[in-house]
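Listed below are the residues making up each chain.
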Amino acid sequence: MTTTPHPLVTGAHRLARDLLVPQAERVDQEKVPASHVEAVKRAGLLGVVAPREYGGADAPVAVARETAEILAGACCSTWFVQTQHHTPVKLLATYDSSVRERLLRPLATGELMAGIAFAHVRAFPRVPVRAVPEKGGWRFEGRVPWYTGWGLNDVMLLAGVTDTAEVVFVFAEAREQPGLTPSAPMRLAALTAARTVSLELDGLWVPAEAVVLRTSREEFAAVDLPRAANASPAVFGVARAALELVARSPEGEETAETLRARLVQVRREAYALADRPAGHDCVPERLAVKTRAFDLLRAATTAAIVAGGGRSMDRGSRAQRLAREGMFLLVQGQTAEARRTHLSALASGQLFCPGRSPGAGRRRY
């Protein structure tokens, strides 16, 4: 499942082998240490998609995907913390603003670490975070339900929706301050180590020069929905790591080989679709492939649990950690349409019948 050789891929493999994999179970029980983020930075992986003129690697998308797979398969919590960083970098590189000249270089080089606080925009017409113009800037009111990397990030990309359904993206400091109060770290079934909190916004004021983008809610959805319909590289990374465990078990080699072949095929299809021009009409096809990827992830992590036997019930078990990480990936970045597609596929039984055409009816048991 490798792509064209690249120094960043080599560096990601080295980082995974020497640091992330050996410490993954300990990190899972505790929290992602700042030293892990520093190691990702030293490997050049915080700037993988950033423009060269701002200190980034400007690597091909295939390299960005493979490095994400490697990190996720090694330590999904570390992957999840650092993956937040790439969206603000991409946004700054895409849209010209005064913020770009101030922040893009330090973000591309890893001098600063960024997080994201805008998934709640997908809840529209419900508006969890409202943006109100005020005094040469913007005031934000509401609650960000999920914010990952608290205590590790320097800045956050925050979005709110106005009364006229405009989405306003700004950069704010990722620290407690007047108008911004974090919750206690959440205790989650998986990826508690990623330092996720909720944020209460009670009049957080951000100056106008911190605005990076203003767009209509419709334009946001036109870009966001096709992108969110793509299968995440992390799915393939965690599944591959699980199959490596299966292959090392006495009875698991044949199972691992069969599932790996299916995973390679779905991965190829998913990335081919992601590389096509995006449009809302492409969403159903992308979601169908994403759902198949989820099913293979479930099969791979279940196989790892079965191969591990009773040892898999130990909280320090690698198989259990991968299974919990797989559970997390089923809902990470989930949209309402993705949820409907996945539930429909499960109800129809098509996920359990390879080759069965969609809509062929409900399977009887």
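Reading guide: rules and limits
Sequence order as written defines the numbering, with residues in each chain counted from 1. Only residues with pLDDT of at least 70 get local features here, since the model is predicted, and only at 80 or more are side-chain atom pairs given and counted; chain-wide, interface and lining totals rely on the full set of residues. Where side-chain values are given, they derive from all heavy atoms of the structure, hydrogens and water being excluded. Each Phe, Tyr or Trp ring (for Trp, its six-membered ring) is paired with any other whose centre lies within 6.5 Å, and the angle between the two planes then decides the class: stacked below 30 degrees, edge-to-face above 60, tilted in between. We call a charge positioned over a ring when the NZ of a Lys or the CZ of an Arg lies within 6 Å of the ring centre and within 35 degrees of the ring normal. One side-chain nitrogen of Lys or Arg within 4 Å of one carboxyl oxygen of Asp or Glu is enough to make a salt bridge. We count a stretch as a helix when DSSP gives it H or I for four or more residues in a row; a strand needs E for two or more, and each element gets its number in order from the N terminus. Accessible area is worked out with a 1.4 Å probe on protein chains only. A residue is then buried under 20% of its type maximum, exposed over 50%, and partly exposed in between. The definition used for a disulfide is geometric: two cysteine sulfur atoms within 2.5 Å. As used in this record, nonpolar core signifies buried Ala, Val, Leu, Ile, Met, Phe, Trp, Tyr and Cys residues forming a set joined through side-chain atoms within 4.5 Å. Here the expected span of a helix is defined as 1.5 Å times the quantity of residues minus one. In the analysis that follows, any N or O atom pair within 3.5 Å is treated as a polar contact, provided that within protein one partner can donate a hydrogen and the other can accept it, and provided that, for residues neighboring in sequence, both atoms belong to side chains. Paired strands, in this sense, are two strands between which DSSP finds at least two bridges. Here the arc refers to the set of directions running from the helix axis out to each C-beta atom. Any two residues whose heavy atoms approach within 4.5 Å are treated as being in contact.

A few words now on the packing of aromatic side chains. Overall, the coordinates contain 6 aromatic pairs when judged by the stated rule. By way of ring pairs, the aromatic residues Trp79, Phe80 and Phe328 are connected into one cluster. Above the ring of Tyr271, the side-chain terminus of Arg65 is found at 4.5 Å from the ring centroid.

Take the pattern of salt bridges next. The full count for this structure, using the stated rule, is 20 salt bridges. Among the salt bridges present, the one from Arg139 reaches Glu134, with a minimum N-O distance of 2.7 Å. A salt bridge links Arg214 to Glu166; the shortest N-O distance between them is 3.1 Å. Highlighted residues: Arg214 in strand 8 (residues 211-216) and Glu166 in strand 5 (residues 166-173), separated in sequence by 48 residues. Taking the relative accessible area as the measure of exposure, Arg214 reaches 48% and is therefore partly exposed.

With that settled, consider unusual backbone geometry. A cis amide bond links Phe124 to the next residue, Pro125, at an omega of 15°. Mapped onto the fold, Pro125 is located in the loop between strand 1 (114-117) and strand 2 (129-134). The phi torsion at Ala165 lies on the positive side, around 65°, for a residue other than glycine. As for its position among the elements, Ala165 is in the loop between strand 4 (155-161) and strand 5. Among the residues examined, Ala165 registers a relative accessible area of 18% and is labelled buried. Of note, Leu191 is a non-glycine position whose phi angle comes to about 60°, a positive value. Note that Leu191 resides in the loop between strand 6 (180-182) and strand 7 (196-207).

Moving on, we get to the state of the cysteines. Applying the stated criterion across every chain yields a total of 0 disulfides. Note on Cys76: no disulfide assigned, nearest cysteine sulfur contributed by Cys75 at a separation of 7.8 Å. Judged by its relative accessible area of 0%, Cys76 falls in the buried class.

The next thing to look at is the nonpolar core. Trp79, Phe169, Phe171 and Leu329 are the most contacted members of the largest nonpolar core, which has 92 residues in total. No other element matches the 10 residues that helix 7 (residues 233-248) contributes to this core. Core analysis: the next-biggest nonpolar cluster, separate from the first, contains 22 residues, Ala131, Trp138, Val168 and Leu204 among them.

Between its first and last C-alpha atoms helix 7 spans 23 Å; for 16 residues at 1.5 Å apiece the expected length is 22 Å, and the two agree. In terms of residue burial, helix 7 counts as a mostly covered element, since 12 of its 16 residues are buried. Those residues of helix 7 that sit buried are Ala234, Val235, Phe236, Gly237, Val238, Ala239, Arg240, Ala241, Ala242, Leu243, Leu245 and Val246. Where helix 7 begins, one side-chain oxygen reaches toward the backbone nitrogen of Ala234, 3.1 Å away; that side chain belongs to Ser232.

The pairing of strand 2 with strand 3 (residues 137-148) spans 6 bridges and is classified as antiparallel. Looking at the pairing, Glu134 lines up with Gly137 of strand 3. Between the end of strand 2 and the start of strand 3, which pair antiparallel, lie 2 residues, with Lys135 showing a positive phi angle near 50°. Where strand 3 lies against strand 7, 10 bridges are found, and the strand directions are antiparallel. Opposite Glu141, over in strand 7, you have Asp202 as the bridge partner.

This paragraph deals with helix 2 (residues 34-42). For helix 2, every residue scored as buried is listed here: His36, Val37, Ala39 and Val40. Take helix 2 and look down its axis: the buried residues cluster within an arc of 155°, on one side only. Packing partners of the buried residues in helix 2 comprise helix 1 (7-29) and helix 4 (76-94). Of the residues one or two after helix 2, Gly44 is the one with positive phi, at around 80°.

Before going further, it helps to examine the side chain of Ser317. For Ser317, the position within the fold is in the loop between helix 9 (283-308) and helix 10 (318-331). Residue Ser317 is classed as buried on the basis of its relative accessible area, which comes to 11%. There is a polar contact of 3.2 Å between the side chain of Ser317 and the backbone nitrogen of Ala319. Excluding its chain neighbours within four sequence positions, the residues that come into contact with Ser317 are Glu25, Arg311 and Ser312.

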